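Listed here are the chains, written in short residue letters.
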Amino acid sequence: MNPLLCLIVKLKNKIMKILFNIIIIYSLVFSGHVFSDQAQFVRNSDSLDVNNDDDDFCDHFFVADTHYLSKQLNFFSDIMYDNTGVYVLEQGGGAFISRAWLSQNAENTIDVQYFIFSVDNIGLIVTDYLLRAAERGVKVRILLDDLMVDADTDDVLALDAHQNISIKIYNPNLNIGKNWCDKIASLFTDFKGINQRMHNKTFIVDGNVAITGGRNIADEYFDYDHEYNFRDRDVLLIGEVSHNIQDSFDQFWNDEISRPISELVNLSDKNYDFQSVYKRLHDYACNPDNFWLQIRNRIKNIPSTFEEIKSSGKLIWVDSVAFVSDIPGKNNEDREMWGGGITTTALIELVEQAQNEILIQSPYLVTSDLSLGLFKNAGMRGVEIKILTNSFASTDNIDAFSGYQRNRKRILDTGALIFEYKPDAQIRKEIMYNDLQAELDYSPIFAIHAKSMVIDSKITVIGTFNLDPRSANLNTECVSIIYSHEIAENVRSLMEKELQPENSWEVTKSFNPDSEVGIFKRFKTYIRRIIPISIL
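Conventions and cut-offs
- Residues numbered from 1 in each chain as written.
- Predicted model: local features only at pLDDT ≥ 70, side-chain atom pairs only at ≥ 80, totals over all residues.
- Heavy atoms only, no water.
- Helix = DSSP H or I, 4+ residues; strand = E, 2+ residues; numbered from the N terminus.
- Buried < 20%, exposed > 50% of the residue type's maximum accessible area, 1.4 Å probe, protein only.
- Contact = heavy atoms within 4.5 Å.
- Areas by Shrake-Rupley, 256 points an atom, 1.4 Å probe, with all protein chains shown as cover.
- pLDDT = per-residue confidence, 0-100.
- Pairing = 2+ DSSP bridges.
- Axes fitted to C-alpha atoms, helices over the stretch in contact; angles between N-to-C directions.
- Salt bridge = Lys/Arg side-chain N within 4 Å of Asp/Glu carboxyl O.
- Phe/Tyr/Trp six-rings, centres within 6.5 Å; stacked < 30°, edge-to-face > 60°.
- Lys NZ or Arg CZ within 6 Å of the ring centre and 35° of its normal.
- Polar contact = N/O pair within 3.5 Å; in protein donor to acceptor, adjacent residues only side chain to side chain.
- Right-handed = clockwise from strand over helix to strand, strands pointing away.

**Student:** Please provide a residue-by-residue account of the overall build of the protein chain, values included.
**Tutor:** Scanning the protein chain from terminus to terminus reveals 20 helices and 19 strands. By the burial criterion, 61% of the 536 residues in the protein chain qualify as buried. Long-range pairs, those at least 24 residues apart, make up 84% of the contacts in the protein chain with a sequence separation of at least 6. Of the roughly 21,500 Å² of accessible surface on the protein chain, 51% is carried by carbon and sulfur atoms.

Following this line, the structure appears as structure tokens:
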């Protein structure tokens, strides 16, 4: 290439990256977010709606038996140390109750690792369960990514001050403890660093039981938001592979890239009353007026949760389950915005080994030459590929959609079939806890957020990995790879339902449903084309 032309191309790419980071910085400084999930951790306690007369609402569902989890797991003692119990969490309500039950019955440790931990109803009650566990002696560790923490730092420090709670922030180079001048400086001096985020999502109890998958902690992941809900998927894992998940968490926790919150910020008031924060949180979580009747009834039924899982016939013991996670500081070497990762390599190998069929669900479908080549080669081997992603009407991330939109025809050229989720997909009546929406006279938007793959009806992948360059090269990700025909058939059956016309549009070279959205959303997405696909 001509040296001058090469210089111009490099300069153009640099300008595009700076413009992209300006969007990030602007959103952080002025309290918005360009990423798909908005997050907080603990809101200013003064804003909590409390009612001190309703404490008895909690009395009946916080158990007194401190060894209940051990007793339940003893039922599986003959198989759980060289096999893994697998229970796929399709419904948001069930995924929420499972986390609540595990928190309530933890005996020694709870380790929580999330990209997002919000302070809406779901986030507050989960936080209350974690605090109550700490108050009865359970050691709780919470690891959050820096980028999306948008909270009153005094409240976060109050939780961290509890003798049994420790909070760390992953890669704190842009948000926590940074003023707007620091953020602007990061824009120009650490472009790659501020784009390296921790996207892992794990919830581990006593090192023996774990939940991992696509869900963050916020209303919209658990069928509870009034305007917009995600169709997502987690998996509850008991036994052998949970120890690998614990090892992964420990690796992130102990890495120097994860910093204690107390080292990053100081209390605004040295006399800050920690106990008042704890009390307000308990009061909020124990006030039934803050939760719809259906949620309150499910909370009351939490003690029966594990019995229901055991008797459902859907807890399947598998002798081969792999948990694959990227390492902290993924691609920290002296590279640009590529380099892959452990999860990327594992998924590439699975696609290359497929013989008949690959079904994929991914909320964002931003392809690269590598992924397009994988699809094309698989098609040439006779492998049918079906991909379900969000439509323009259902997506929450127009940045990612702009990248997908630019490459949509190229994906179809590989022979892959594309389906785009309808915002009113009828399957929500089956997947969602519909009674949570019973009080509304309208239907909230329903969007795909599951990151899953089924290969040859034998292998199921459930994790955090989006089909985009950000997951492939920048964010740390984790996936569970389950080698079970029974699990694969169960997940595949539901995925096939979601491809039906009442749930999705099939996209062709002559048709897409982009016209379903208004002109303003189209315009906002069009101007995102200045952002290079390689960093979406």
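**Student:** Summarise the confidence of the model for the protein chain; cite the residues concerned and give the values.
**Tutor:** Caution applies to low-pLDDT regions: their predicted coordinates should not be interpreted in detail. Residue-level pLDDT values for the protein chain average 85, and 83% of them are 70 or greater. Confidence drops under a pLDDT of 50 for residues 25-55, and excluding neighbours within four residues, the segment shows 98 contacts in the predicted structure.

**Student:** Tell me what's going on with the sheet that holds strand 19 (residues 504-507), and back it up with residues and numbers.
**Tutor:** Judged by pairing direction, the sheet is mixed, and its eight strands sit side by side in the order 11-18-17-16-12-13-14-19 without closing on themselves. Among the strands making up the open sheet, the edge pair consists of strand 11 (321-325) and strand 19. Taken pair by pair, the neighbouring strands of this sheet meet at an average axis angle of 15 degrees, ignoring direction. Of the strand pairs in this sheet, strand 17 (residues 459-463) and strand 18 (residues 478-483) are connected by five bridges, and their pairing is antiparallel. Looking at the pairing, G463 lines up with V479 of strand 18. Along the sheet, helix 16 (residues 398-413) makes contact with strand 13 (384-390), strand 14 (417-421) and strand 19, crossing strand 14 at roughly 150 degrees.

**Student:** Describe in detail the pattern of salt bridges, supporting the description with residues and values.
**Tutor:** Two side chains bearing opposite charge may form a pair once their charged atoms approach each other closely. A full pass over the atoms with the stated rule returns 24 salt bridges. A salt bridge links D514 to R408; its shortest N-O distance comes to 2.6 Å. Taken together, the residues D514 in the loop between strand 19 and helix 20 (519-527) and R408 in helix 16 connect sequence positions 106 residues apart. Under the relative-accessibility criterion, R408 is labelled buried at 7%. A salt bridge links R492 to E496, with the nearest nitrogen and oxygen atoms 3.4 Å apart. Of this pair, R492 and E496 both sit in helix 19 (residues 485-497), four residues apart, roughly one helical turn. We classify E496 as buried; its relative accessible area is 16%. Among the charged side chains, a network of salt bridges with common partners joins E357, E384, K386, R492 and E496.

**Student:** Describe the packing of aromatic side chains, listing the residues and the values that go with them.
**Tutor:** A full pass over the atoms with the stated rule returns 15 aromatic pairs. Relative to W253, the ring of F249 lies with its centre 5.8 Å away and its plane at 20 degrees, an arrangement referred to as stacked. Taken together, the positions of F249 and W253, both in helix 9 (residues 240-254) and four residues apart, correspond to about one turn of that helix. For the pair F249 and W253, one class covers both residues: buried. Each residue in the set Y68, F75, F76, W101, F306 and W317 is aromatic and connected to the rest through ring pairs, giving one cluster. Of note, K310 hangs over the ring of F75, and the distance from its end group to the ring centre comes to 4.5 Å.

**Student:** Break down the side chain of N397 for me, citing the residues and quoting the values.
**Tutor:** In this fold, N397 is placed in the loop between strand 13 and helix 16. A polar atom in the side chain of N397 sits 3.1 Å from the backbone nitrogen of D399.

**Student:** Provide a residue-level description of the pairing of strand 13, including the pertinent values.
**Tutor:** For strand 13, the tally of buried residues reaches six of seven residues, placing the bulk of the element in the interior. Two strands pair when backbone bridges link them, and strand 12 (residues 357-361) and strand 13 are joined in this way by five bridges, in the parallel orientation. When the sheet's bridge partners are listed, I360 is paired in strand 13 with I387. Once you follow strand 12 into helix 15 (residues 369-380) and on to strand 13, the crossover reads as right-handed. Pairing between strand 13 and strand 14: five bridges, direction parallel. For N390, the partnering residue across the bridge sits in strand 14 and is Y421. Remark: the strand 13/helix 16/strand 14 crossover connection has right-handed handedness.

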